[in-house]
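A structural walkthrough
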Amino acid sequence: MNPGSVPAKFKVRIDADQCMLCERCVENCPYGTYRREGEHISVDSRRCVACHRCVAMCPRDSITIEEKPVDYRSHPLWTRESREAIYNQARTGRIVLAGMGNASDLPIIFDRLLLDACQVTNPSIDPLREPMELRTYIGKKPRKLDLRKKRNGDIELKTRLHPNLRLNTPIMIGHMSYGAISLNAQLSMARAVASEGTFMGTGEGGLHPALREFQDNMIVQVASGRFGVDIDYLERGAAIEIKIGQGAKPGIGGHLPGEKIDPDISQTRMIPERSDAISPAPHHDIYSIEDLKQLVHSLKEATEWKKPVFVKIAAVHNVAAIASGIARSSADAVVIDGFRGGTGAAPRVFRDHVGIPIEAAIAAVDQKLRSQGIRNEVSIIASGGIRDAAEVTKAIALGADAIYIGTAALIAMGCRVCGTCYRGLCPWGIATQNSSLTRRLNPDVEWQHVANLIRGWTLEISELMGAAGINSIESLRGNRDRLRGYLLDEAMMNILDVQPVGA
Amino acid sequence: MENELVINAEGMHYTPLNKAIRSAVAKGTEKIRIEHVLGQRFIADGLKGRVKITVHGTPGGDLGMFMSGPSIEVFGNCDHAPGNTMDGGEIIIHGSAGDATAHSMRGGLVMVRDDIGYRGGIHMKEYGDHRPVLIIGGNACAFLGEYMAGGLVLVLGSGEKRVLPNRGIGSGIHGGLIIIRGDVPDQTLGVGAKKSRATEEEKRLIDPYIRRYAAVYGRDPKPLLDDEYTIITPSSGRPFANKYTWE
């Protein structure tokens with residue numbers, strides 16, 4: 001038996017009556033699914049990854065892609081995925097890597113949390129006629145303000161304020177590095193966050209010179225590989241984020257394979273061309289919470305205490321205690337990445353089995369920091385598979401200050417979540433460095449799509465807040481009374497600190 | 001001396017100390033002498049320019065972190081990670097240094113007269129003419145040059161007693177060179193590292209560094225130049241290439 005011969009994942013059909021032989025499918029598919037043969041298009045379905053580029057480009061809607069045309073005998077335990085992983089490992093004896101975020105069919109807590117709205121006792125607010133305050137500040141807040149009245153009657157603030165990021169919306173874009181995604185994708189998102197008054201992360205791939213015009217809206221990342229990190233890079237960022245962990249693969253590092261390190265990426269990461277870019281699992285100068293404090297201080301000292309420093313961790317079992325340690329390290333924000341966070345590549349066992357849901361992590365961290373009286377010391381940024389404005393609103397009601405989106409921003413630029421990022425052949429010009437593919441993504445067009453998404457969600461958050469009678473995001477933050485749990489168990493509702501529906 | 005600033009760091013916190021250094025550099029000071037240093041971390045953190053700094057005493061961790069250009073000479077021992085993620089310039093230490101010396105260093109020179117702790121030169125990397133060099137006059141502890149992606153680590157082992165890193169030398173090394181005086185037992189090498197005896201040509205590569213070391217610390221270079229060296233390099237530029245398969 002050849003265990004590699006598993007059924008094709010997709011069946012591609014072309015309706016010959018509709019097809020006009022324009023060959024756009026042939027040109028657009030980088031995987032080689034289509035070939036012109038005489039007076040018809042020949043199809044090799046096994047090459048298809050269901051990226052839908054051909055479907056989007058076909059002028060006659062003549063392409064049909066069907067998932068799992070030949071499935072296995074169904075079995076509730078031995079799923080297709082479990083069987084195919086065994087065939088793969090029986091053949092190779094290696095660790096199975098997979099793309100995108102967690103693909104397990106686990107319940108989504110956000111779907112079981114419902115939002116509140118005013119009816120009679122409190123009036124709801126119409127955001128069209130009344131101001132809605134969505135401005136969010138990320139960073140340390142003073143415990144109290146020391147104000148003095150001057151002789152001329154003016155009020156003077158004596159308290160020294162810590163640097164904060166000022167966001168017009170609680171939606172930011174998380175860290176996706178140049179290397180993992182294309183420069184055109186980064187440029188589109190950077191222009192979008194600059195236009196919407198919010199921020200995006202560089203990822204651990206350095207800051208390409210073309211992005212410098214947006215540097216005031218960029219958060220530079222320092223991860224265990226320290227790629228592209230020098231004093232110039234740190235000084236350019238609006239804030240600095242230390243990446244300790246990532247929701248898609250908590251506890252392990254990352255490897256950008258050498259074949260992706262082209263001359264341009266080599267320059268921004270400051271490593272030789274074609275060399276593997278290896279980010280080790282730990283930072284080798286952080287072996288304890290005291291060492292983390294030292295790294296936070298070293299970054300602040302290097303940038304003269306002018307920039308907020310964030311620490312990003314994956315949501316794991318003791319997330320609240322870890323976040324409390326981070327809050328005491330003088331970090332300005334803790335970023336918590338839930339187990340549904342996306343990635344270009346992660347070992348399947350990590351992607352699907354390590355970490356906890358972001359909803360529980362936000363609530364646990366917020367609760368712990370409040371109980372210790374240090375919630376003002378650190379902002380909470382939540383990320384990991386946030387799909388719409390309702391989830392942003394629920395995340396804030398659970399205690400987050402702001403959220404990062406990742407996959408959602410890529411979808412706004414065309415990504416169809418085919419999960420084939422690792423091939424480096426992304427037909428949408430996102431997860432690729434191949435110039436014939438990256439030029440398909442036009443930053444002059446796509447930035448508008450990303451900006452539209454952020455604007456649309458921001459409008460929806462205003463409407464949801466208005467309906468709940470809330471006119472300021474400050475009043476929504478940690479306001480669990482605006483949430484009710486639907487078919488959640490009691491233990492989970494205790495962690496989330498929410499009542500069941502009807503209560 | 002003209003244009004030299006003397007700072008008495010006794011009882012001083014590192015932030016005002018660094019402020020004093022920065023403002024002096026901004027005013028064009030070319031030499032700074034810092035006296036009575038006792039545990040201040042982050043000295044010259046992120047500092048740029050061509051200034052020459054002498055540190056008298058024992059600086060705390062992360063000396064010269066992210067530094068780009070200046071030269072620091074330390075008359076004393078250093079705590080952990082001098083030269084951490086350093087970009088350019090020099091750190092010359094008249095004494096020993098702690099763990100993670102030259103961690104993630106990407107350019108310039110760190111030279112230690114005596115010994116260093118664990119994880120020296122870990123994750124050093126190079127790009128173009130940015131090529132970091134770590135010279136250790138004495139001995140280094142385990143995990144030397146792990147994950148190294150570029151640059152040079154040279155261990156002269158010239159102390160009274162020659163004690164080598166006992167394990168994990170160059171685990172995951174995928175670029176750069178580790179050169180150690182004398183033989184290195186196979187069992188001390190990490191996964192992904194291989195060793196060979198340095199050829200005459202390879203020895204010429206380290207010749208100027210040995211002479212520099214001898215000149216700075218007043219040693220006789222001849223026995224160091226005449227001895228044999230072991231060169232440790234990546235067994236592959238892709239240490240993790242055979243670990244994974246795609247879904």
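Here, the structure is the one placed above.
Summarised in this report is the structure supplied together with it. (Residues numbered from 1 in each chain as written. Chains lettered and ligands numbered in written order. Predicted model: local features only at pLDDT ≥ 70, side-chain atom pairs only at ≥ 80, totals over all residues. Heavy atoms only, no water.)

Moving on, we come to the overall build of chain A. On a plain count of helices and strands, chain A comes out with 16 helices and 23 strands. For 503 residues, the compact-globule formula gives about 23 Å, and the C-alpha radius of gyration of chain A, at 24 Å, lands near that figure. Relative to its full complement of 503 residues, chain A shows a buried share of 55%. Long-range pairs, those at least 24 residues apart, make up 70% of the contacts in chain A with a sequence separation of at least 6. Element-wise, carbon and sulfur atoms account for 49% of the exposed surface of chain A, whose accessible area totals about 21800 Å². (Helix = DSSP H or I, 4+ residues; strand = E, 2+ residues; numbered from the N terminus. Rg over C-alpha atoms; globule rule 2.2 N^0.38 Å. Buried < 20%, exposed > 50% of the residue type's maximum accessible area, 1.4 Å probe, protein only. Contact = heavy atoms within 4.5 Å. Areas by Shrake-Rupley, 256 points an atom, 1.4 Å probe, with all protein chains shown as cover.)

So, on to the interface of chain A and chain B. Accessible area lost during the coming together of the parts is what is often quoted as the interface size. Chain A puts 47 residues into the contact, and the matching count from chain B is 43 residues. For the pair chain A and chain B, the summed buried area comes to about 4100 Å², and 55% of that belongs to carbon and sulfur atoms. It is His284(A), Gln294(A) and Glu301(A) in chain A that bury the most area against chain B; as a group they hold 17% of the surface buried on that side. Connecting chain A to chain B are 4 salt bridges. Between Glu304(A) and Arg22(B) there is a salt bridge, with the nearest N and O atoms lying 3.8 Å from each other. Linking chain A with chain B are 27 residue pairs in polar contact (both at pLDDT 80 or more), by the criterion used here. Residue assignment for the side of chain A that touches chain B shows that the elements contributing at least two residues are helix H3 (80–92), strand E5 (95–98), helix H5 (231–236), helix H6 (263–269), helix H7 (289–302) and helix H9 (348–353) of chain A. In terms of residue count, H7(A) provides more of the side of chain A that touches chain B than any other element does, 7 residues in total. Split by residue class, the side of chain A that touches chain B holds 21 nonpolar, 14 polar and 12 charged. The sheet contact formed by E5(A) and strand E12 (residues 244–246) of chain B spans 3 bridges and is parallel. (Buried area = accessible area lost by both parts, 1.4 Å probe. Salt bridge = Lys/Arg side-chain N within 4 Å of Asp/Glu carboxyl O. Polar contact = N/O pair within 3.5 Å; in protein donor to acceptor, adjacent residues only side chain to side chain. Nonpolar A, V, L, I, M, F, W, Y, C, P; charged D, E, K, R; others polar. Pairing = 2+ DSSP bridges.)

With that settled, consider the sheet that holds strand E23 (residues 499–500) of chain A. All names here are of chain A. Read across the sheet, 3 strands follow the order E6-E22-E23 without closing on themselves; strand pairing throughout is mixed. Single-partner strands in this sheet number two, and they are strand E6 (113–115) and E23. Examined bridge by bridge, strand E22 (residues 483–485) and E23 share 2 bridges and lie parallel to one another. Counted as the bridge partner of glycine 485 is proline 500 from E23. Along the sheet, helix H11 (residues 389–398) contacts E6 and E22; its crossing angle with E6, the most-contacted strand, is approximately 95 degrees. (Axes fitted to C-alpha atoms, helices over the stretch in contact; angles between N-to-C directions.)

What follows covers the side chain of His56(B). All names here are of chain B. Structurally, histidine 56 is set in strand E3 (residues 52–58). Here the side chain of histidine 56 touches threonine 54 through a polar contact of 3.4 Å, side chain to side chain. The contact partners of histidine 56, leaving out residues within four places of it in the chain, are Arg33, Ile34, Glu35, His36, Val37 and Phe75.

Spatially, 3 strands are ordered E19(A)-E5(A)-E12(B) in an open sheet, and the strand pairing comes out mixed. Strands at the two margins of the open sheet, each flanked by one partner only, are strand E19 (346–347) of chain A together with E12 of chain B. Strand direction decides the pairing type here: E5(A) and E19(A), joined by 2 bridges, are antiparallel. When the bridges of E19(A) are listed, Leu97(A) appears paired with Pro347(A).

Residues and elements named next belong to chain A. Taken together, the 4 bridges between strand E2 (residues 34–37) and strand E3 (residues 40–43) define a ladder with antiparallel strand orientation. Of the residues in E3, the one forming a bridge with arginine 36 is isoleucine 41. Here E2 folds back onto E3, and the loop between the two strands holds 2 residues, one of which, glycine 38, carries a positive phi near 60 degrees.

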